[in-house]
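Structural overview
This is what each chain is made of:
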Amino acid sequence: MATNDDESHKKQEQEIFFETSTAAGTTFKVRFPSNDEGARFAVGYWSIRGLAAPLRMMLCAAKVNFDAFQYDLLEQGDDGWSSEYFTEKPTLRERYHQPLMNLPYIVDRK
């Protein structure tokens, strides 16, 4: 039988597994009253609906708690586009051993 210490340790590990992104322009947490677990998934995408919208909708339909990280994409005139995601991407690849990590991404914290 799990003790409160075991449960709090698991919760701390879960929180550490995918830290809050400092590069994401917007971060929001989706929690459901019927689900008292922490956020199992982390979803990342540009700050538009796009390809991650169906994924977020499926997680909501299943009432699964998750955190969403939305990265801003800024036009730099003739120099193209910039985003903090481009700076964070190498760190994400290395930390989660995902050499092909790209947007959208989903991280299962279990």
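This text goes with the structure placed above it.
Residues numbered from 1 in each chain as written. Predicted model: local features only at pLDDT ≥ 70, side-chain atom pairs only at ≥ 80, totals over all residues. Heavy atoms only, no water.

The grouping of L73, W81 and F86 at the surface amounts to a nonpolar patch, some 320 Å² of accessible area in total. Mapped onto the secondary structure, L73 falls in the loop between β3 (66-71) and β4 (74-75). L73 gets classed as partly exposed once you look at its relative accessible area, which sits at 35%. (Patch = residues over 30% accessible without salt bridge, like charges linked within 9 Å, V, L, I, M, F, W, Y side chains within 5 Å. Areas by Shrake-Rupley, 256 points an atom, 1.4 Å probe, with all protein chains shown as cover. Salt bridge = Lys/Arg side-chain N within 4 Å of Asp/Glu carboxyl O. Helix = DSSP H or I, 4+ residues; strand = E, 2+ residues; numbered from the N terminus. Buried < 20%, exposed > 50% of the residue type's maximum accessible area, 1.4 Å probe, protein only.)

Next up on the list: the pattern of salt bridges. Overall, the coordinates contain four salt bridges when judged by the stated rule. Put simply, K110 and E37 hold a salt bridge, and the shortest N to O gap is 3.9 Å. One end of the pair, K110, is in the segment after β6 (105-108); the other, E37, is in the loop between β1 (26-30) and β2 (41-46), with 73 residues separating them in the sequence. Take K110: its relative accessible area is 64%, and that puts it in the exposed class.

Within the secondary structure, Q70 is located in strand β3. Given the relative accessible area of 14%, Q70 is considered buried. Sequence-distant contacts of Q70, defined by excluding residues within four places in its chain, comprise A24, G25, T26, F28, Y45, W46, S47 and R56. (Contact = heavy atoms within 4.5 Å.)

A regular strand places its side chains so that they alternate between the two faces of the sheet. Burial along β6 is one-sided: Y105 and V107 are buried, while I106 and D108, pointing the other way, are not. Bridge count for β2 against β6 is four bridges, and the pairing is antiparallel. Residue V43 lies in a different strand from β6, and its bridge partner there is I106. (Pairing = 2+ DSSP bridges.)

An α-helix turns once every 3.6 residues. As a result, residues three or four positions apart point the same way. Residues of helix α2 (residues 52-61) that are buried include every one of A52, A53, R56 and L59, and no others. Projection of α2 onto a plane perpendicular to its axis shows the buried side chains occupying an angular sector of 125°, all on one side. When the buried face of α2 is taken as reference, the exposed residues oriented beyond 90 degrees from it are M57, M58 and A61. The inward-facing, buried residues of α2 contact β1, β2, β3 and β6. Among the residues trailing α2, K63 stands out with phi positive, at a value near 55°. (Arc of directions from axis to C-beta.)

This part is about unusual backbone geometry. The omega angle of the peptide bond from L103 to P104 is -5°, so this bond is cis rather than trans. Tracing the backbone shows P104 in the loop between α3 (84-95) and β6. With a phi angle near 55°, K63 is a residue other than glycine that sits in the positive phi range. For K63, a relative accessible area of 47% corresponds to the partly exposed category.

In short, the description is geometric, and any link to function would need to be established separately.
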